[in-house]
Amino acid sequence: EQAREAVQRSGNLSRHPQPMSIRGVRQLKGLTLRYCDWGGSSRGARAFIQDNLIEWATKNPAVEIETVIKRNHHPVVIGEYVIGEPKVINVENESVENIMKEFQRLRNSSGRKMTRLKKPVLTRTPSIQGVWNPTIPLQRLEFEVEHQTF
């Protein structure tokens, strides 16, 4: 799961992942739950709409939510992102809990497609600072500061 733990203002880690944002811009614009009003595979989607959708919408006011009835089709959740690429997830015969997880997963993702790196990432200019090691005794090192005026 792509969700990451977010740091609250107090510095403690939150148990609930925060919505995905890049440079302060939330990536998910809207969610569409498309379902059938009488089909058996949409039973969980109908229960989710009846019991949990309003609560989820009030907790996530930045996300526009739309429900669409499409007869004789299996239910799907469609996430619309700022970058323009939709993510479509089939929720056929899923429970209310699984549909809730899919809503959260779409909210917490950036909308970008996953790309596999075929080779390890190497650099020609490694860090001149070196690798950080928390056991370095910085308190015992002596530093000299010179002030120059131009």
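Residues numbered from 1 in each chain as written. Predicted model: local features only at pLDDT ≥ 70, side-chain atom pairs only at ≥ 80, totals over all residues. Heavy atoms only, no water.

> Which residues make up the overall build of the protein chain, and what values go with them?
Looking only at helices and strands, one finds three helices and six strands in the protein chain. Sequence-ordered secondary structure for the protein chain, helices as α and strands as β, is β-β-β-α-α-β-β-β-α. For the protein chain, the residues scored as buried account for 27% of the 150 residues in total. By element, 50% of the accessible surface of the protein chain is carried by carbon and sulfur atoms, the whole surface being about 12400 Å². (Helix = DSSP H or I, 4+ residues; strand = E, 2+ residues; numbered from the N terminus. Buried < 20%, exposed > 50% of the residue type's maximum accessible area, 1.4 Å probe, protein only. Areas by Shrake-Rupley, 256 points an atom, 1.4 Å probe, with all protein chains shown as cover.)

> I'd love a proper account of helix H1 (residues 43-51), names of residues and values included.
Within H1, burial applies to Gly44, Ala45 and Phe48. Down the axis, H1 shows its buried residues gathered within 100 degrees of arc, on one side only. Among the exposed residues of H1, those pointing more than 90 degrees away from its buried face are Arg43, Gln50 and Asp51. The secondary structure elements touched by the buried residues of H1 are strand E3 (28-35), helix H2 (53-59) and helix H3 (96-107). (Arc of directions from axis to C-beta. Contact = heavy atoms within 4.5 Å.)

> Go over the pattern of salt bridges, please, and point to the residues and values.
Any two side chains of opposite charge can pair if their charged atoms end up close together. Per the counting criterion, the structure on display carries three salt bridges. We note a salt bridge from Glu55 to Lys59, for which the minimum N-O separation is 3.3 Å. Here the residue Glu55 and the residue Lys59 both occupy positions in helix H2, the gap between them amounting to four residues, near one helical turn. The partly exposed category is assigned to Glu55, whose relative accessible area is 43%. (Salt bridge = Lys/Arg side-chain N within 4 Å of Asp/Glu carboxyl O.)

> Hey, could you go over the nonpolar core for me, with residue numbers and the actual values?
If you look at the biggest cluster of nonpolar residues, it comprises 17 residues, and the most contacted ones within it are Leu31, Leu33, Phe48, Val77 and Phe103. Going through the elements one at a time, E3, H1, H2, strand E5 (76-81) and H3 are the ones with two or more residues in this core. Each residue touching Leu31, except ones within four places of it in the same chain, is listed here: Trp56, Val63, Glu64, Ile65, Glu66, Val77, Ile78, Gly79, Phe103 and Leu106. (Core = buried A, V, L, I, M, F, W, Y, C linked by side-chain atoms within 4.5 Å.)

> Summarise the side chain of Asn52; cite the residues concerned and give the values.
Following the sequence through the fold, Asn52 ends up in the loop between H1 and H2. On the accessibility criterion, Asn52 (19% relative accessible area) is buried. Residue contacts for Asn52: discarding those within four places in its chain leaves Ala47, Val96 and Met100.

> If you had to explain the packing of aromatic side chains to someone new, which residues and values would you point to?
Considering all chains together, one arrives at two aromatic pairs under this definition. Arranged with centres 5.1 Å apart and planes meeting at 85 degrees, the rings of Trp56 and Phe103 form a pair that is edge-to-face. Taken together, the residues span a long stretch of sequence, with Trp56 in helix H2 and Phe103 in helix H3 at a distance of 47 residues. One exposure class covers both Trp56 and Phe103, and it is buried. Taken together, the aromatic side chains of Phe48, Trp56 and Phe103 make up a single cluster linked through ring pairs. (Phe/Tyr/Trp six-rings, centres within 6.5 Å; stacked < 30°, edge-to-face > 60°.)

> Residue-level account of a nonpolar patch on the surface, with values.
A contiguous nonpolar surface patch, about 570 Å² in accessible area, is contributed by Trp132, Ile136, Leu138, Leu141 and Phe143. Relative to the helices and strands, Leu141 is located in the segment after H3. Under the relative-accessibility criterion, Leu141 is labelled partly exposed at 45%. (Patch = residues over 30% accessible without salt bridge, like charges linked within 9 Å, V, L, I, M, F, W, Y side chains within 5 Å.)

> I'd like a description of H3, backed by residues and values.
If you check H3, its first and last C-alpha atoms are 17 Å apart, about what twelve residues at 1.5 Å a residue would give, namely 16 Å. Looking at the packing, one finds that the buried side of H3 touches E3, H1, H2, E5 and strand E6 (87-90). (Expected span 1.5 Å × (residues − 1).)

> Break down the side chain of Ser41 for me, citing the residues and quoting the values.
Within the secondary structure, Ser41 is located in the loop between E3 and H1. Residues in contact with Ser41, not counting those within four places in the same chain, are His74, Pro75, Val91, Glu92 and Asn93.

So, to be careful, I would describe these as geometric facts and stop short of saying anything about function.
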